Amino acid sequence: MFCTSLYHCNNPYSGPASAYGVIGKTIAAYFNKVNAEGGINGRKIRFISYDDAYSPPKAVEQARRLVESDKVLLIFQSFGTPSNTAIQKYMNAKKVSQLFVATGATKWGEPKHFPWTMGYQPPFWIAIVPCGPSIAGACQETRATQQARLAGCALICRRQNWSREETTMNRGILGATLAGALVLVTSICWTQSWAQDQGRPPAPPALVGMGLPEVPPEQIGMSKQKLDRIHDALKQHVADGKLPGTVVLVARKGKLIYADVTGFQDKDEGKPMALDSLFRIYSMTKPLVSVAAMMLVEDGTIQLTDPVSKFFPAFKGQQVSVARSDNELARMSYFTVAVEREMTVQDLLRHTAGLAYGEITVNAPVRDAYAKAGLYLAGVRDYDARELTPAEEVERLAKAPLAHQPGTVWEYSMAVDLLGRVVEAASGKRLADFLDERVFKPLKMRDTAFWVPPGKISRLAQPLAVDFASGQPIKVIDVSKEPKNDSGGAGAVSTAGDYLRFSQMLLNGGQLDGTRILSRTTVALMTSDHLGSRIATPFGPGELLLGTPGYTFGLGFAVRPGDGIAGVPGSAGEFMWAGYAGTYFWVDPKEELTAIYMSQAPSPIRAYYRKLVKQLVYGALTD
């Protein structure tokens, strides 16, 4: 199997004073050094420079000889010229695994200048571009148009006017980046060859834009051998038809130490799972919106003790549906009473507002009212109220009776959907826009949103047609179109990598990569016990999520108050949440650990997989 990396084209108007010239010289010097040290796996790197970049016959012929010789790693740098396009198509037709390094001018803001739009599908690519508004998000914007997912993507953005000092500095940065990329692409080739010999899809490399430095698990007190048990266990469940596919990421002490996929992104189409596959995260939207609300608390726009009626007057004077047992007729009847106090923003954050979910509440009048209002689609889809406008959702929730007096009972509910409406009312912005501006973009969560645009829909993970455990058809929300409301409780789509960045921010006390989202004290407040002994928990957060007691609830997260009680490993101070379709994450500040588990398996046994991954991760600790 041939493993080509790069081919350099020096176009006619490149020069020493231009970004192209500096980059070309830097790459040439770096590869000369690599060759002097023996090349990559004993193979030398051939760096070809063309003065006539628009001469396809010469370019293709030289590339052909190198590809077929299997003696040289071909260095390829493209500007989208005719010769390069021809070489790209030739290599792709030969199914050569390639590393692609590209440089370009401001026109690189246009997707047509990127490799996959020209039939060229490398497993890893690096774009080195002059900074500018049109290409600042090039890596994000153009990957949405690709036909085949890339295993990795890096974007090095430099100022267009390179000084001598900047050239020296950037040479080191570029060298380090290219070194990692070359090692990676060589590894990919060997992995693909071995995997194909074993008759299974190749495992993708760990790097897929997680934005966290990668280190071997042993460097930070964890066993790679034991972490690998996660793959083996989940692979077996995929083979048994219980799961479609999974993605698992584990980070400790700010370093990515485990990144793994199993199974299929779409089993019906035979499409393998990828590290950058998109998932409907359902209730893992709630922590995102809870953070948004707390940002407004920090802004002074919201107070936790504010009544919801401050933002929506319709929530004044609500009624509460109260159950009464009729012993003679052996049945339950209901009557309504007035609320004793109004629900507050804090109630919404901790699910003590008296609201419910029609899918799980035992209060029949509440369930019926939600169904009549379109807040609960009985027999159609669970947790899908996306067809209501924000105003309709608020109006209908306000009219429905409450399941409990506010502040008295923890019941998992549509509280965070209503919290999303509060965020909109307080900020004056649509929830999707507020989160994108204040959370997603600052944290570089490039794929997290409330719907999937056409250019990314090929990356959306799909569930099995029928649930293995229940035998029932699986129905999930349609995220291919813009919803009428951004469901703060169940509406977002994300990748494992994006959510890892979010959870690492929380683990870091509200900041990541120098960008602060929340203050340290706000994160501490959110991850503290907000139920105490005053609020009843007939069915607690841990029982709902993991089938075990031992967890209380904070402001947006289940929180573990002690090491014991819970029937899963963990530490006091750990916090977590999960999603209906099988997603799960947790953060353990004591162990400096966070992990993400993604799947599209809305099954009654999803708690089993959360516990399985959790115990295997903790079992890998060695320090």
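1. Regarding the overall build of the protein
Now for step 1: When you go through the protein residue by residue, the secondary structure sums to 16 helices and 21 strands.
Now for step 2: Taken over 623 residues, the protein has a buried fraction of 57%.
Now for step 3: For the protein, the proportion of contacts with a sequence separation of at least 24, taken over those separated by at least 6, is 72%.
Now for step 4: For the protein, the accessible surface area stands at approximately 24,600 Å², while carbon and sulfur atoms represent 52% of it.

2. Topic: the pairing of strand β8 (residues 245-252)
Now for step 1: Most of β8 is tucked away: 8 of the 8 residues are buried.
Now for step 2: Covered by surrounding structure in β8 are G245, V247, L249 and A251 together with T246, V248, V250 and R252, the residues of both alternating faces.
Now for step 3: With 8 bridges joining them, β8 and strand β9 (residues 255-266) adopt antiparallel strand pairing. Among the inter-strand pairings, R252 is bridged to a residue of β9, identified as K255.
Now for step 4: Connecting β8 to the next strand, β9, in antiparallel fashion are 2 residues, including K253 with a positive phi near 55°.

3. Here's the deal with helix α12 (residues 431-440)
Now for step 1: For α12, the complete set of buried residues consists of L431, A432, F434, L435, V439 and F440. Projected down its long axis, α12 shows its buried positions confined to an angular sector of 155°, all on one face.
Now for step 2: The secondary structure elements touched by the buried residues of α12 are α7 (285-299), α11 (415-427) and α13 (496-507).

4. What to know about the environment of A385
Now for step 1: When you line up the elements, A385 lands in the loop between α9 (364-373) and α10 (390-399).
Now for step 2: Residue A385 is classed as buried on the basis of its relative accessible area, which comes to 9%.
Now for step 3: A sequence separation of 32 residues divides A385 from D417, and the C-alpha atoms of the two residues are 9.4 Å apart.
Now for step 4: Here A385 is in contact with G374, L375, E393, M414 and N485, once residues within four sequence places are set aside.

5. Quick notes on the packing of aromatic side chains
Now for step 1: Per the counting criterion, the structure on display carries 15 aromatic pairs.
Now for step 2: Centre to centre, the rings of Y357 and Y412 are 5.5 Å apart; their planes meet at 65°, and the pair counts as edge-to-face. Of this pair, Y357 sits in the loop between α8 (345-350) and α9 while Y412 sits in the loop between α10 and α11, placing them 55 residues apart in sequence. Side by side, Y357 and Y412 carry an identical accessibility label, which is buried.
Now for step 3: Through pairs of rings, three or more aromatic residues link up here, namely Y282, Y357, Y383, W410, Y412, F553, W577 and Y580.
Now for step 4: Looking at K614, its charged tip hangs above the ring of W586, at a distance of 5.4 Å from the centre.

6. Description of the confidence of the model for the protein
Now for step 1: Summing up the model confidence of the protein, the mean pLDDT is 79 and the portion of residues at 70 or higher is 66%.
Now for step 2: Within the model, the stretch residues 1-23 combines pLDDT values under 50 with 94 contacts to residues more than four positions away or in other chains.

7. Re the side chain of T352
Now for step 1: Relative to the assigned elements, T352 resides in the loop between α8 and α9.
Now for step 2: In this structure the side chain of T352 is engaged in a polar contact, spanning 2.6 Å, whose partner is the side chain of D347.
Now for step 3: Dropping the residues within four chain positions of it, T352 is found in contact with D347, P406, G407, T408, V409, W410, L531 and I535.

8. Side note on the pattern of salt bridges
Now for step 1: Summed over all chains, the structure comprises 26 salt bridges.
Now for step 2: R341 serves as the salt-bridge partner of D347, at 2.8 Å between the closest nitrogen and oxygen.
Now for step 3: The class of D347 is buried, set by a relative accessible area of 0%.
Now for step 4: With a shortest N-O distance of 3.9 Å, K484 and E387 are connected by a salt bridge. With K484 in the loop between α12 and β14 (493-494) and E387 in the loop between α9 and α10, this residue pair connects regions lying 97 residues apart in the sequence.
Now for step 5: What makes E387 partly exposed here is its relative accessible area of 44%.

9. Focus on the nonpolar core
Now for step 1: Ranked by size, the top nonpolar core spans 140 residues in total, and within it L348, L355, Y370, L418 and F502 carry the most contacts.
Now for step 2: Considering each element in turn, this core owes the most residues, 8 residues, to α7.

10. Notes on the packing of α7 against α11
Now for step 1: Taken N-terminus to C-terminus, the directions of α7 and α11 make an angle of 35°; their axes are 10 Å apart at the nearest point. Along this stretch, α7 crosses α11, giving a crossing that reads as left-handed. Residues K286, V289, S290, A292, A293 and L296 of α7 pack against V416, L419, G420, V423, A426 and S427 of α11.

11. Observations concerning α9
Now for step 1: A364, V366, Y370 and A373 are the residues of α9 that are buried.
Now for step 2: Packed against the buried residues of α9 are β12 (319-326), β13 (331-338) and α10.
Now for step 3: Backbone geometry just after α9 places G374 at a positive phi near 80°.

12. Structural notes on the packing of α7 against α12
Now for step 1: Interaxial distance between α7 and α12 falls to 10 Å at its minimum, and their mutual angle equals 75°. Considering their axes alone, α7 and α12 lie roughly perpendicular with respect to each other. On α12, the residues that touch L288, V289, V291, A292, M295, L296 and D299 of α7 are L431, F434, L435, R438, V439 and F440.
Now for step 2: Here the residues of the contact of α7 with α12 sort into 11 nonpolar, no polar and 2 charged.

13. Points about the sheet that holds β9
Now for step 1: Strands sit in the order β10-β9-β8-β21-β20-β19-β18-β17 across an open sheet of 8 strands; the sheet is antiparallel. The open sheet terminates on both sides in strands that have one partner only, identified here as β10 (271-272) and β17 (552-553).
Now for step 2: Pairing between β9 and β10: 2 bridges, direction antiparallel. Within the sheet, the bridge partner assigned to F264 lies in β10 and is P272.

14. Focus: the environment of P602
Now for step 1: Structurally, P602 is set in the loop between β21 (593-599) and α16 (606-619).
Now for step 2: Among the residues examined, P602 registers a relative accessible area of 10% and is labelled buried.
Now for step 3: Sequence separation between P602 and G579 is 23 residues, and the spatial gap between their C-alpha atoms is 8.5 Å.
Now for step 4: Those residues within four positions of P602 in sequence are excluded, and the remaining contacts are P463, I474, V476, Y580 and A581.

Rules behind the numbers
Each residue is numbered by its place in its chain's sequence as written, counting from 1. This being a predicted model, a pLDDT of at least 70 is required before a residue's local features are given, and a value of 80 or more before pairs of side-chain atoms are given or counted; all residues contribute to the totals for chains, interfaces and linings. Heavy atoms throughout the structure, all of them, feed into the side-chain values; hydrogens and water do not. Secondary structure elements are defined from DSSP: runs of H or I of at least 4 residues count as helices, runs of E of at least 2 residues count as strands, and each element is numbered from the N terminus. When a residue's accessible area, from a 1.4 Å probe over protein chains only, is under 20% of the maximum for its type it is buried; when over 50% it is exposed; and in between it is partly exposed. Note on contacts: a residue pair qualifies if any of its non-hydrogen atoms lie within 4.5 Å across the two residues. Each accessible area is a Shrake-Rupley estimate made with a 1.4 Å probe; only the visible protein chains count as cover when residues are assessed. Strand pairing is assigned whenever DSSP detects at least two bridges linking the two strands. The directions from the helix axis to the C-beta atoms form the arc being described. Only the six-membered ring of Trp is used, alongside the rings of Phe and Tyr, when aromatic pairs are assigned; centres must lie within 6.5 Å, and planes under 30 degrees apart are stacked while those over 60 apart are edge-to-face, with the rest tilted. A ring is scored as having a charge over it whenever the NZ atom of a lysine or the CZ atom of an arginine sits within 6 Å of its centre and within 35 degrees of its normal. Residue-level confidence of the predictor, termed pLDDT, takes values from 0 up to 100. We define a polar contact as two N or O atoms separated by no more than 3.5 Å, with the added condition that, inside protein, one atom must be a possible hydrogen donor and the other a possible acceptor, whereas residues neighbouring each other in sequence contribute only through side-chain atom pairs. Any Lys or Arg side-chain nitrogen found within 4 Å of a carboxyl oxygen on Asp or Glu counts as a salt bridge. Within this scheme, the nonpolar core is defined by two criteria: the residues are buried Ala, Val, Leu, Ile, Met, Phe, Trp, Tyr or Cys, and they are joined through side-chain atoms within 4.5 Å. The axes are straight lines fitted to the C-alpha atoms, using for helices just the contacting stretch, and the angles between their N-to-C directions are given from 0 to 180°. By convention the crossing between two helices is left-handed if the near helix lies anticlockwise of the far one by an angle smaller than a right angle, and right-handed if it lies clockwise. Working definition: roughly parallel below 35 degrees, roughly antiparallel above 145 degrees, roughly perpendicular at 65 to 115 degrees, and oblique for all remaining angles. Side-chain classes are defined by residue name, with Ala, Val, Leu, Ile, Met, Phe, Trp, Tyr, Cys and Pro counting as nonpolar, Asp, Glu, Lys and Arg as charged, and the others, Gly among them, as polar.

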